[in-house]
Amino acid sequence: MNPVNTYRLSFILLISLFFIVLAINISFGSVAIPLKDIVNILLNKSISNENWQIIITEFRIPKAITAIFAGSALAVSGLLMQTLFRNPLADPYILGISSGASLGIAILILLVSLGGFSTILLSNWSFIIAAAIGAFSIMLLVVIMASKIKNTMSILIIGLMFGSFASAIISIMAYFSSASQLQQFIAWSFGNLGNHTSQELWIYFGFYIIGIVPLLFLIKPLNSLLLGENYAQSLGVNIKNVRFSILVITSLLTGLVTAFSGPIAFVGLAVPHLTKLIFNTSNHLILIPAVLINGAILMLISDTIAQLPNIEYTLPINAITSLFGAPIVIWLIVRKRKLNY
Amino acid sequence: MEKNQQNIILEVSNLSIGYTDKKQQKIVKNQLTFKAHQSEFICLLGKNGVGKSTLLKTISKVIPKLDGKIYIDNNEINHINSKTFSKILGVILTERLPESNLTVFEMIALGRQPHTNWIDSLSNEDLNMVNKSLEQTNTTHLKDKNVFELSDGQLQKVLISRVLAQDTPIIIFDEPTAHLDIHHKIETFLLLKKLSKEAQKTIIISTHEIHWAIELADTIWLMTENNCYFDSPENLKMQNRFQELFDSLLVTFDAESNQFKISS
């Protein structure tokens with residue numbers, strides 16, 4: 001389709017913006033650290049204040065990496081869903097994956113409080129595993145259903161139904177829960193990018209790559225889907241295989257992010273729109289990398305805002321993404337007066 | 001080589017078409033045997049529900065045939081993989097395109113997908129084909145417009161360009177004139193006729209414009225409730241086959257004007 005050259009400048013700007021945002025993200029936090037020392041830490045030079053070094057290397061950098069993974073993975077999943085379902089309202093969670101993860105967490109919290117299980121179970125890992133099991137159970141159900149169904153729109157409805165079903169169970173569990181259990185659950189659902197060890201990040205990275213690399217082979221079929229499934233088929237695309245791949249990749253990436261960082265709203269819905277408005281193209285060869293970068297940028301900005309400088313409190317990331325993202329999207333739409341998917 | 005008319009591109013024998021529903025076969029038509037040649041402009045006539053779309057879908061491998069053989073270029077279609085098939089047979093559908101940011105150029109370039117590499121980048125040959133197909137339908141001036149900005153008539157031509165860019169010897173077009181005004185209907189018919197000769201395509205369309213079909217088609221595939229005829233318009237007229245499209249005696253086919261008349 002379009003020659004990549006046309007977009008070279010845009011990509012250079014976008015990547016520059018990404019690094020600026022990344023630098024700002026690492027520079028600001030509840031503890032003020034002089035810029036000179038941050039640079040020294042990043043260059044692996046020793047500095048006088050050891051605490052600062054720990055804050056940067058053990059806290060801020062892992063958090064920034066998590067933000068990049070989460071933002072880009074959710075954004076690209078949203079793009080896949082919007083193209084597959086040809087629906088501008090589709091987002092990564094439309095197939096009920098976040099509800100599945102939430103259910104996993106709810107069950108974990110319940111099991112722990114039922115006694116017999118030590119509270120050690122409420123570690124980072126058990127949260128990740130519980131959310132992952134919940135997310136992938138829903139994914140498995142949706143993919144199994146999808147293989148038996150010809151109509152893509154039916155898959156969308158089935159996904160929504162699974163989501164509602166899981167939410168209903170959570171509501172019932174919440175009704176019978178204690179205040180402290182509820183608090184634990186709500187704290188998780190606020191989303192959290194921090195608190196990951198390097199070991200966890202490597203595992204995060206591994207699954208992230210497994211989800212992202214196959215996208216290269218989906219560029220062509222995704223483009224053909226712009227004409228609708230029947231035309232795509234007439235161009236030699238195996239719709240069933242493509243649909244299956246899209247569902248598995250989206251579930252993997254979304255489930256991964258939700259397991260590690262909680263359900264983060266808005267990024268998956270908004271970033272594909274933002275990107276299409278900026279780049280004015282439907283070509284996935286351009287859109288996929290652009291959406292990945294934009295997702296990371298939006299997430300880093302949101303995290304910087306959530307981590308208000310010099311203040312001890314951290315705002316919930318889940319609220320920030322929508323709070324600051326929504327006005328941007330509205331502004332862009334009003335300015336361009338159109339929104340396509 | 002003899003005249004192009006002699007080059008058989010599509011050969012169908014004893015074909016049964018229909019649907020398989022819960023292991024039960026619903027046969028719409030059977031024992032169909034016919035041929036199509038290079039550069040042939042074919043109009044498929046018949047009233048709604050008689051099986052026109054079923055036939056076209058079966059030939060274009062959208063639904064499986066129930067029985068019989070379909071050979072394209074001497075290969076049975078079940079033995080042609082979908083990738084190769086997309087280089088042999090192109091379709092234009094009646095369905096609306098999903099909304100997108102696609103420009104006319106980009107959309108036509110999507111027709112090159114069976115020929116492009118794995119990341120869909122366009123070679124010089126692809127670019128030439130796209131430009132050529134824009135010229136063939138006189139739509140070069142629309143190339144940078146967004147697809148959703150086009151009028152129905154323009155969109156029709158752009159869709160034809162897309163399938164031309166796909167570079168297939170056979171083009172199947174389901175009801176090309178369905179939502180066009182009379183002006184664009186005639187234009188489409190003439191354009192398709194011209195393309196079949198100049199670009200040497202076998203073009204198969206289903207239509208309800210019987211009089212233009214009789215005037216312009218090389219061959220007519222006529223489907224009625226009980227029979228199917230595959231013959232030239234002249235022969236079909238001589239045998240008074242068009243009358244079979246109506247079972248009522250009140251409507252008669254007037255061979256002079258190629259129209260149906262209501263006798264009072």
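Note that the coordinates shown come from a computational prediction; the quantities given were computed from them, not determined experimentally. Each chain has its residues counted from 1, following the order in which its sequence is written. Written order determines the labels here, with chains lettered from A and ligands numbered from 1. Totals for whole chains, interfaces and linings use all residues, but because this is a predicted model, local features are given only for residues with pLDDT of at least 70 and pairs of side-chain atoms are given and counted only at 80 or more. To get the side-chain values, take all heavy atoms of the structure and skip hydrogens and water.

Asks: Would you mind going over the overall build of chain A in detail, with residue names and values included?
Replies: Helix and strand assignments follow DSSP, with helices taken as H or I runs no shorter than four residues and strands as E runs no shorter than two, numbered in order from the N terminus. A tally of regular secondary structure across chain A gives 14 helices and zero strands. The atom set for the radius of gyration is the C-alpha atoms, and the globule formula is 2.2 Å times the number of residues raised to the power 0.38. By the compact-globule yardstick of 20 Å for 341 residues, chain A fits well, its C-alpha radius of gyration being 21 Å. With the C-alpha coordinates of chain A rotated into their principal frame, the extents come out at 65 × 55 × 35 Å. For chain A, the proportion of its 341 residues judged to be buried stands at 54%. Put simply, of all contacts in chain A between residues at least 6 apart along the chain, 78% involve residues at least 24 apart. Note that His is not counted, nor are the chain ends; the positive residues are Lys and Arg, and the negative ones are Asp and Glu. Note that the charge is assigned to NZ on lysines, CZ on arginines, CG on aspartates and CD on glutamates. With 16 positive and 8 negative side-chain charges, chain A shows a spacing of 22 Å between the two charge centroids. Classification of residues uses two cut-offs on accessible area relative to the type maximum, computed with a 1.4 Å probe and protein chains only: under 20% is buried, over 50% is exposed, and between them is partly exposed. The contact criterion used is simple: two residues touch if any of their non-hydrogen atoms lie within 4.5 Å.

Asks: Which residues make up the layout of surface pockets, and what are the values?
Replies: Leftover empty space is mapped by rolling, across the atoms, a probe with the size of a water molecule. Approximately 1300 Å³ is the volume found for the largest pocket. Points on a 1 Å grid over protein atoms alone make up a cavity when a 1.4 Å probe fits among them but cannot get out, and a pocket when they form an open set with protein on both sides within 12 Å along at least five of seven lines; lining residues each have an atom within 4 Å of a point. In terms of lining, the largest pocket is formed by 40 residues, of which the most central are Glu229(A), Asn230(A), Gln233(A), Val62(B) and Ile63(B). Taken together, the elements giving at least two residues each to the lining of the largest pocket come down to α10 (229–234) and α11 (239–261) of chain A together with β1 (8–21), α1 (52–59), α2 (82–88), β6 (89–92) and β7 (170–174) of chain B. Tallying contributions element by element places α10(A) first for the lining of the largest pocket, with four residues. Amino acids are sorted into nonpolar (Ala, Val, Leu, Ile, Met, Phe, Trp, Tyr, Cys and Pro), charged (Asp, Glu, Lys and Arg) and polar (every other residue, Gly among them). Of the residues assigned to the lining of the largest pocket, the class counts are 16 nonpolar, 14 polar and ten charged. Grid points are joined across faces, edges and corners, and a volume is the space filled by probe spheres set on the points. Quantified by volume, the second largest pocket comes out at close to 470 Å³. Considering the residues around the second largest pocket, the lining is formed by 25 residues, among which Arg96(B), Leu97(B), Asp152(B), Leu155(B) and Leu159(B) are closest to the centre. The leading source of residues in the lining of the second largest pocket is helix α5 (residues 152–165) of chain B, at four residues.

Asks: Tell me about the sheet that holds strand β2 (residues 24–37) of chain B, residues and numbers included.
Replies: All names here are of chain B. Any two strands between which DSSP finds at least two bridges are classified as paired. On the basis of which strands lie adjacent, the open sheet formed by four strands has the order β2-β1-β4-β5 and antiparallel pairing. If you trace the sheet from one side to the other, it starts and ends with β2 and β5 (75–76), each paired once. Bridge count between strand β4 (residues 67–72) and β5: two bridges; the pairing is antiparallel. Bridged to Tyr71 within β5 is Glu76. Simply put, an axis is a line fit to the C-alpha atoms, just over the touching stretch for a helix, and the angle between two N-to-C directions goes from 0 to 180 degrees. Taken strand by strand, α1 contacts β1, β2 and β4, and its axis lies near 115° from that of β1.

Asks: Lay out the pairing of strand β9 (residues 219–223) of chain B with the relevant residues and their values.
Replies: All names here are of chain B. Among the five residues that make up β9, five are buried, leaving the element largely enclosed by the rest of the structure. Examined bridge by bridge, strand β3 (residues 41–45) and β9 share four bridges and lie parallel to one another. Pairing of Leu45 across the sheet is with Leu222, part of β9. Bridge count for β9 against strand β10 (residues 228–231) is four bridges, and the pairing is antiparallel. Residue Met223 lies in a different strand from β10, and its bridge partner there is Cys228. Adjacent in sequence and paired antiparallel, β9 and β10 are bridged by four residues.

Asks: Explain the pairing of β2(B) residue by residue, including any values.
Replies: Within a regular strand, side chains alternate between the sheet's two faces. Residue and element names in this part refer to chain B. Two elements, β1 and β2, share ten bridges in a ladder whose sense is antiparallel. Bridge pairing in β2 links Asp21 to Gln24. Hairpin connection of β1 to β2: two residues between the antiparallel strands, including Lys22 at a positive phi of 50°.

Asks: Describe empty space enclosed by the protein, and please don't skip the residues or the numbers.
Replies: Residues and elements named next belong to chain A. Tallied over the entire structure, the rule returns three cavities of 30 Å³ or more. Here the largest cavity defines a volume of roughly 110 Å³. Taken together, Ala106, Ile109, Leu110, Ile170, Met173, Ala174, Ser177, Gln181, Leu182 and Phe185 make up the lining of the largest cavity. For the lining of the largest cavity, the secondary structure elements donating two or more residues are α4 (97–113), α6 (152–175) and α7 (179–189).

Asks: Can you tell me about the pattern of salt bridges, naming the residues and giving the values?
Replies: Basic side-chain nitrogens of Lys or Arg form a salt bridge, by our definition, when they fall within 4 Å of a carboxyl oxygen of Asp or Glu. The tally for this structure, following the rule as stated, stands at 13 salt bridges over all chains. One connected set of salt bridges, linked through shared partners, spans Arg112(B), Glu125(B) and Asp126(B).

Asks: Go over helix α2 (residues 35–42) of chain A, please, and point to the residues and values.
Replies: Residue and element names in this part refer to chain A. Taken together, the buried positions of α2 are Asp37, Ile38, Asn40 and Ile41. The buried residues of α2 all sit within an arc of 160° when viewed along its axis, so they share a single face. Residues Leu35 and Lys36 are exposed on α2 and point more than 90 degrees away from its buried face. As for α2, its buried residues are in contact with α1 (8–27) and α3 (50–85). Two residues or fewer after α2 comes Asn44, characterised by a positive phi angle close to 70°. Read the arc as the range of directions from the helix axis to the C-beta atoms.

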